[in-house]
Amino acid sequence: MRVEKMRNEFNKELSIESRNRFGKIAIEMGFITIEQALIALIEQAMDNFFKKSHKFIGEILSERGWITPGQIRMVLNKLSEDEKIKKEVA
């Protein structure tokens, strides 16, 4: 049971880190504004608080028409590249 709790905490931290980085990268790439990222983060937090189904930040941004599926793929590719570099350095 303790291992499961640790795994859940790790996944939660990883999710938070990726979520924050998704928004940051999308802003840096010029796809969204800081305000749009904040609105999406607030919506995600509210959904989680009220136990609604979890949505990824990219999904929320897409539903609002602020980012395209192609742009989401570009951000995810950048995230993947960054993770690969991070692992190689470690």
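Cut-offs used in this document
Residues numbered from 1 in each chain as written. Predicted model: local features only at pLDDT ≥ 70, side-chain atom pairs only at ≥ 80, totals over all residues. Heavy atoms only, no water. Salt bridge = Lys/Arg side-chain N within 4 Å of Asp/Glu carboxyl O. Helix = DSSP H or I, 4+ residues; strand = E, 2+ residues; numbered from the N terminus. Buried < 20%, exposed > 50% of the residue type's maximum accessible area, 1.4 Å probe, protein only. Phe/Tyr/Trp six-rings, centres within 6.5 Å; stacked < 30°, edge-to-face > 60°. Contact = heavy atoms within 4.5 Å.

1. Digging into the pattern of salt bridges
And step 1. Inspection of the entire model under this criterion finds three salt bridges.
And step 2. Arg-64 is the salt-bridge partner of Glu-43, the closest N and O atoms lying 2.9 Å from each other. Taken together, the residues Glu-43 in helix H2 (residues 34-49) and Arg-64 in the loop between helix H3 (57-63) and helix H4 (69-89) connect sequence positions 21 residues apart.
And step 3. The class for Glu-43 is buried, based on a relative accessible area of 19%.
And step 4. Using a relative accessible area of 41% as the deciding quantity, one classes Arg-64 as partly exposed.
And step 5. Two residues, Glu-63 and Lys-55, come together in a salt bridge whose shortest N-O distance is 3.0 Å.
And step 6. A relative accessible area of 48% places Glu-63 in the partly exposed class.

2. Topic: the packing of aromatic side chains
And step 1. Counting across every chain of the model gives one aromatic pair.
And step 2. Consider the rings of Phe-49 and Phe-50, whose centres lie 4.9 Å apart with planes at 85°: the pair is edge-to-face. Each member of the pair Phe-49 and Phe-50 is classed as exposed.

3. Side note on the side chain of Asp-47
And step 1. The topology assignment puts Asp-47 in helix H2.
And step 2. For Asp-47, the residues in contact, after removing those within four places along its chain, are Lys-52, Ser-53 and Lys-55.

4. Side note on unusual backbone geometry
And step 1. Of note, the phi angle at Lys-51 is positive, near 60°, even though the residue is not glycine.
And step 2. Tracing the backbone through its elements, the reader meets Lys-51 in the loop between H2 and H3.
And step 3. Its relative accessible area of 74% is what places Lys-51 among the exposed residues.

On their own, these measurements won't tell you what the molecule is for.
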